[in-house]
Amino acid sequence: MGKTLAEKILAAKLKHDARAGDIVIAKVDLVFVQDSSGPLTIRQFQELGFHNIAKPRTSLIFLDHAAPSPVRQLSNDHIFLRQFARATGCFISDVGDGVCHQLVAERFAKPGDIIVGADSHTITAGAFAAFATGMGSSDIAVALALGKTWFRVPETFSINLSGRFPKGVYAKDLILYLIGQIGADGATYKALEFGGEALAHMTMPQRLTIANMAVETGAKVGLFPSDEMTQEFLTTQGRGDSYKPLYPDTNAAYERAISLNLSELEPMVSFPHTVDNVLPTSKARGIKIQQVFIGTCTNGRLEDLAVASSILQGRKKHPDTRLLIAPASRQVFIQAMKLGYIQSLADAGAVILPPGCAACLGLHQGVLGDGEACLSTANRNFKGRMGNPEAMVYLASPATAAASAVIGEITDPREIM
Amino acid sequence: MSDIRLKGKAIKLGDNISTDLIIPGRFAHLRSNLPELAKHVLEDTIPAFTSRVKPGDLLVAGKNFGLGSSREHAPIVLKMSGVSAILAQSTARIFFRNAINQGMPVLLCDTDKISDGDELELDLIGGVVLNLTAGIKLSCSRIPPLMSTILEEGGLIPYIQKHKDFVIESPISSTLTGED
């Protein structure tokens, strides 16, 4: 019997076979924390009694969730993390560099890697055929100390993608639709493995959006094969030598198979307060929104800002709607400036936020007021997520977000594109 | 985990209680001050939860408890509030692992058979929940190997302090289909 991508990646790192259901100890290629999970992780690491990080060069600390810090306590957390990085020699990405998952994609993730991070959206790097998964602080503290962790090898759902996206429909719509189909716990613990002829046209930014939200089905990893698109992206990032092709075996065993034809999809919206509460954008028509937020590890990439800027160019945001834009990284921000996207967005009335997580998790930079609604390109809309349990968060693509910012209510982008 | 039998009163919650609901992101500035952070546990779900919960109480949830963010502060503040174990129909993957890593027992069973305020007795080794109020017995799915050892030894940090490494005959072929 052949292997799924998950089995293949894990088995390649072990001295023995890896089959769904096995519990294995594996060395990790990359371990990271961010400023929300990092302080606890580091204190637990210190409690373990280990003095050195097993692999400091591939142990990363990102200051992105509160960047720049809005409050004294978080500023002190940042000091603690910087001091730890200096003392142990691990890599630190400071305020303004961007969101950890985007930086992992730009600079670190390689096909075949095992990547663990103290952040649930670590799963994003599955776009590179990396076994990337989020864990809590204790697990990451141990991974920092030992350079390894334990896994139960997951069973896999195969997601076969065919066709091309119609106009106005994007990777975000695909993953929202899929989450609606599978449900918020429908793939708990499983691997989602994406394949099919549509991948020939699916860029890395699109794959990153999809892999990022695989966790919203409960999945442990969301994996794409490593192919020409992966190679092209790595080469563009100056990391072409880290490319290797990686595919599942043709006779791998899958627990479930799902097929999706991209050409049949339409713009989708996730309604409050669970991500799987997904409906076509037409069902959200007329819902007034006080804030639009375009950014995050889901949809803050250059391609996302390009789409938003193409819709907003020459237009103004609705006077009753705030428009917040946070590029996912400094690289994205600089490229978006050079290409004029930032100019068009600012001209349309957008507030440009620093690269980072920004308003996504309710800390700062766009906390909602009582009774307000936000249309966000992020990945979560749980009650209280954006800092106020009395607010509503809707999730959609950057195109839907941009169109909605113009109209002031949730709008199908095809109506104004 | 000092006791293998726990007795307590059920505090009932619904489905899809996210880690954002357990401990909202807006309190991230208190994450390095756990006693202060713990004052806000579940406050968006059960008003005045911290004044209601008594040491030894059992949190009884529906489906997909602990979905979302990987913040381990969620099981930590639940533990600090006095909750001695979590019962649910299902839990999210990261939360399950985090709770066990904190030495917090998590039992998966048919929690529809438990009402708010019911007196429960848990047999953690046998995987059995006795609903003393309703007079019924519920069986729970077993905690996977390795995780059960980590739980018995009080969590992952004490486990690694003791063994200095993971101690398993690698690989264990697991017959379980539940959480990792």
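All values reported here derive from a predicted model rather than from experimental measurement. (Residues numbered from 1 in each chain as written. Chains lettered and ligands numbered in written order. Predicted model: local features only at pLDDT ≥ 70, side-chain atom pairs only at ≥ 80, totals over all residues.)

S.K.: Just to check I follow, could you spell out the packing of helix α6 (residues 171-182) of chain A against helix α7 (residues 204-213) of chain A for this structure?
M.R.: Axis angle and axis distance: for two packed helices, these are the angle between their axes and the distance between the axes, and together they describe the pair. All names here are of chain A. Between α6 and α7, the least distance of the axes is 8 Å, while the angle of their chain directions is 25°. The orientation of α6 with respect to α7, classified from their angle, is roughly parallel. The crossing of α6 and α7 is right-handed. Across the interface between the two elements, Ala171, Lys172, Leu174, Ile175 and Ile179 from α6 touch Gln206, Thr209, Ile210 and Met213 from α7. When the residues that make up the contact of α6 with α7 are grouped by side-chain class, the tally is six nonpolar, two polar and one charged. (Axes fitted to C-alpha atoms, helices over the stretch in contact; angles between N-to-C directions. Helix = DSSP H or I, 4+ residues; strand = E, 2+ residues; numbered from the N terminus. Parallel < 35°, antiparallel > 145°, perpendicular 65-115°, else oblique. Left-handed = near helix turned anticlockwise from the far one by under 90°. Contact = placed C-beta atoms within 7 Å. Nonpolar A, V, L, I, M, F, W, Y, C, P; charged D, E, K, R; others polar.)

S.K.: What is the right way to look at helix α8 (residues 228-236) of chain A in this model?
M.R.: Residues spaced three or four apart along an α-helix point in a common direction, a consequence of the helix completing one turn every 3.6 residues. Residue and element names in this part refer to chain A. Among all positions in α8, only Met229, Thr230, Phe233 and Leu234 are buried. Viewed along the axis of α8, the buried residues span an arc of 130°, placing them on a single side of the element. For α8, the exposed residues lying more than 90 degrees away from the buried face are Glu228 and Thr236. The inward-facing, buried residues of α8 contact α7. Just downstream of α8, Gly238 is the residue with a positive phi angle, here 75°. (Buried ≥ 20, exposed ≤ 12 C-beta atoms within 10 Å, placed from the backbone. Arc of directions from axis to C-beta.)

S.K.: Explain the pairing of strand β6 (residues 131-134) of chain A here, please?
M.R.: Side chains on a regular strand alternate between the two faces of the sheet. Residue and element names in this part refer to chain A. Both faces of β6 are covered, namely the face carrying Phe131 and Thr133 and the face carrying Ala132 and Gly134. In this structure, strand β5 (residues 114-117) lies alongside β6, joined through four bridges in parallel fashion. Across the sheet, Val116 pairs through a bridge with Thr133, a residue of β6. (Pairing = 2+ DSSP bridges.)

S.K.: Help me understand the interface of chain A and chain B in this model?
M.R.: Think of interface size as the accessible area that goes away when the parts come together; that is how it is often given. Listed per partner, the contact involves 52 residues of chain A and 47 residues of chain B. Put simply, the parts of the chain that give the side of chain A that touches chain B at least two residues each are β1 (22-27), α2 (38-48), α3 (72-88), α5 (137-146) and β7 (148-152) of chain A.

S.K.: So what exactly am I meant to see when it comes to the sheet that holds strand β9 (residues 191-195) of chain A here?
M.R.: Backbone hydrogen bonds hold the strands of a sheet together, and the pairing may be parallel or antiparallel. Residue and element names in this part refer to chain A. Spatial ordering of the open sheet is given by β10-β9-β8-β11, a layout of four strands whose pairing is parallel. Both outer strands of the open sheet, β10 (221-223) and β11 (256-261), are each paired with one neighbouring strand and no more. Each neighbouring strand pair of the sheet contributes to a mean axis angle of 20°, computed without reference to strand direction. Note: β9 against β10, three bridges, orientation parallel. Bridge pairing links Leu192 to Gly222 in β10. Along the sheet, helix α1 (residues 5-13) makes contact with β8 (156-162), β9 and β10, crossing β10 at roughly 100°.

S.K.: Quick question: what am I supposed to make of the domain arrangement of chain A here?
M.R.: Residue and element names in this part refer to chain A. Domain boundaries in chain A define domain 1 (5-261) and domain 2 (269-415). For domain 1 versus domain 2, the distance between C-alpha centres works out to 24 Å. Residue assignment for the side of domain 1 that touches domain 2 shows that the elements contributing at least two residues are α4 (100-108), α6 and α7. For the side of domain 1 that touches domain 2, the leading source of residues is α6, giving six residues. Residue composition of the side of domain 1 that touches domain 2, by class: 14 nonpolar, 12 polar and seven charged. (Domains from an automatic or database assignment.)

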